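So you can see what is in the structure, the chains are spelled out below.
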Amino acid sequence: MPELPEVEVVRAGLESAITSATVAAVRVFDERSLRRHDAPAEDFVDRLMGTTFAAPMRRGKFLWVPMGSETALVIHLGMSGQVLLREPDASLDRLTRISIDVAHPEHGPLRVDFVDQRIFGSMAIGRLVESGDVPGDLVPSQVTHIARDPMDPNFDDALFLARLAKRNTGIKRALLDQTLISGIGNIYADEALWASRVHYDQPTGSLSRPRAKTLLAEVRLVLGKALAEGGTSFDAQYLNVNGESGYFSHSLNAYGQQGLPCPRCGRMIVREQFMNRGSHFCPWCQRVRTGR
DNA sequence: CCGGACTCCTGGTTGC
DNA sequence: TGCAACCAGGAGTCCG
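Residues numbered from 1 in each chain as written. Chains lettered and ligands numbered in written order. Predicted model: local features only at pLDDT ≥ 70, side-chain atom pairs only at ≥ 80, totals over all residues. Heavy atoms only, no water.

*Asks:* Describe the packing of aromatic side chains, and please don't skip the residues or the numbers.
*Replies:* To describe a pair of aromatic rings, you give the distance between the ring centres and the angle between the ring planes. Here the structure, examined in full by the defined rule, presents 3 aromatic pairs. Taking 5.7 Å as the distance between ring centres and 50° as the angle between the ring planes, the aromatic pair formed by Phe 155 and Phe 160 counts as tilted. The exposure class of Phe 155 is buried, given its relative accessible area of 11%. The class of Phe 160 is buried, set by a relative accessible area of 5%. These aromatic residues form a ring-pair network of at least three members: Tyr 200, Phe 274 and Phe 281. Residue placement shows Arg 264 over the ring face of Trp 194; its charged tip is 4.0 Å from the ring centre. Arg 287 extends its terminal NZ or CZ atom over the ring of Trp 284, reaching a point 4.3 Å from the ring centre. (Phe/Tyr/Trp six-rings, centres within 6.5 Å; stacked < 30°, edge-to-face > 60°. Buried < 20%, exposed > 50% of the residue type's maximum accessible area, 1.4 Å probe, protein only. Lys NZ or Arg CZ within 6 Å of the ring centre and 35° of its normal.)

*Asks:* With reference to specific residues and values, describe the sheet that holds strand 7 (residues 108-116).
*Replies:* Judged by pairing direction, the sheet is antiparallel, and its 4 strands sit side by side in the order 1-6-7-5 without closing on themselves. With partners counted over all chains shown, the strands left at the sheet margins are strand 1 (22-28) and strand 5 (81-86), one partner each. The sheet shows a mean angle of 20° between the axes of neighbouring strands, taken without regard to direction. Pairing between strand 6 (residues 96-104) and strand 7: 8 bridges, direction antiparallel. Across the sheet, residue Ser 99 finds its bridge partner in strand 7, namely Asp 113. In this fold helix 1 (residues 4-18) packs onto strand 5, strand 6 and strand 7, with an angle of close to 25° to the strand it touches most, strand 5. Contacting strand 1 and strand 6, helix 2 (residues 41-48) runs over the sheet at an angle of about 165° to strand 1. (Pairing = 2+ DSSP bridges. Helix = DSSP H or I, 4+ residues; strand = E, 2+ residues; numbered from the N terminus. Axes fitted to C-alpha atoms, helices over the stretch in contact; angles between N-to-C directions. Contact = heavy atoms within 4.5 Å.)

*Asks:* Quick one: what's the story with the protein's contact with DNA strand B, residue by residue and with numbers?
*Replies:* Taken together, the neighbourhood of DNA strand B is formed by 13 residues, with Arg 32, Gln 117, Asn 168, Thr 169 and Arg 173 sitting nearest. For DNA strand B, the fraction of protein-proximal atoms (within 4 Å) that sit in sugar or phosphate groups is 72%. Measuring from a phosphate oxygen of DNA strand B, one finds a side-chain N or O atom of Thr 169 at 2.3 Å. Here Arg 173 contributes a side-chain N or O atom positioned 3.0 Å from a phosphate oxygen of DNA strand B. The residue inventory of the surface near DNA strand B, partitioned by class, reads 3 nonpolar, 4 polar and 6 charged. (Near = heavy atom within 4 Å. Polar contact = N/O pair within 3.5 Å; in protein donor to acceptor, adjacent residues only side chain to side chain. Nonpolar A, V, L, I, M, F, W, Y, C, P; charged D, E, K, R; others polar.)

*Asks:* Which residues make up unusual backbone geometry, and what values go with them?
*Replies:* With a phi angle near 60°, Arg 197 is a residue other than glycine that sits in the positive phi range. Tracing the backbone shows Arg 197 in the loop between helix 5 (186-195) and helix 6 (209-229). Residue classification places Arg 197 among the partly exposed residues on the basis of a relative accessible area of 42%. Of note in the backbone geometry, Asn 276 takes a positive phi value of approximately 60° without being a glycine. Relative to the helices and strands, Asn 276 is located in the loop between strand 10 (270-274) and strand 11 (277-281). The class of Asn 276 is exposed, set by a relative accessible area of 79%.

*Asks:* Please give an account of the environment of Asp 43 that cites residues and values.
*Replies:* Secondary-structure assignment places Asp 43 in helix 2. On the basis of relative accessibility, which here comes to 23%, the residue Asp 43 falls in the partly exposed class. Distance from Asp 43 to Ile 125, taken between C-alpha atoms, is 9.2 Å for residues 82 residues apart in sequence.

*Asks:* I'd like to hear about the nonpolar core, residue by residue, with values.
*Replies:* Ranked by internal contacts, the top residues of the largest apolar core, which has 31 residues, are Phe 160, Leu 164 and Ile 171. Counting residues per element, the ones that place at least two in this core are helix 3 (157-166), helix 4 (171-175), helix 5 and helix 6. With 7 residues, the single largest contributor to this core is helix 6. Excluding residues within four positions of it along the chain, Leu 164 makes contact with Ile 171, Ala 174, Leu 180, Thr 204, Leu 207 and Ala 212. (Core = buried A, V, L, I, M, F, W, Y, C linked by side-chain atoms within 4.5 Å.)

The analysis is restricted to geometry; functional conclusions fall outside its scope.
Right, here's the structure in full:
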């Protein structure tokens, strides 16, 4: 499940490959992959044709490639999306939903394939608008509701902690709320909660400020470690921008570790259903704290 | 504001 | 061996 580190790997790979490249051809094999595009496929193709890409940007799990100052190609990988860079004449992956031929002034022709098994991901053209907090900072219209991610230099720690304290919900629900803090998905939420010894359903209102700060620090540590490793995976579903597996699962302490000993206390990691997904945690290290 | 239920979706796995 | 049921979950919507 691509989260911030995996999406950043894709962004960085695209940056070196398609910045300054011009679109020569676009093929949409499955229109369902345009779910975030507000017009028919023909419109998507027409608006891409002939444009030149600027350096790709990212906020949380959203990725976009500016096409001038007005619009951008918006990419979300969803659950299973991949962006594969291929030689122009390479065979198409069976699950390729969209394919874009580009010409780079120095590197020559290249194919950018959007491959997505479950079709929760998408490509779209978005209008660039002011993000609202930092003047002159532009994001696609599809991204305006997404909060800055914790690796963003403009992420406001104090603002996040204040908004978190005002929430009346469980901490994991808050971590997964992309309008509060972006880039965190199920894997890194479980890992950061394990690292900071917080139970997934700990009420946000009862989380002390020092503990909330620790949690935010652990979120950054976990994301930073995964970034350094080039993204994390467990089933080779995720491939980096070159089609090479970028997943490393050896450093997971809680996610998917149910039935295995907690690396910290040796007791068994359990998995519970929460928010229609699995929550992995150590029932000893991560207990709901009551009072004050 | 909150939470639960539901939708989108299909390949791989499990179970009979 | 064959097939159906089940599972994975990011994001959005709707409803109470």
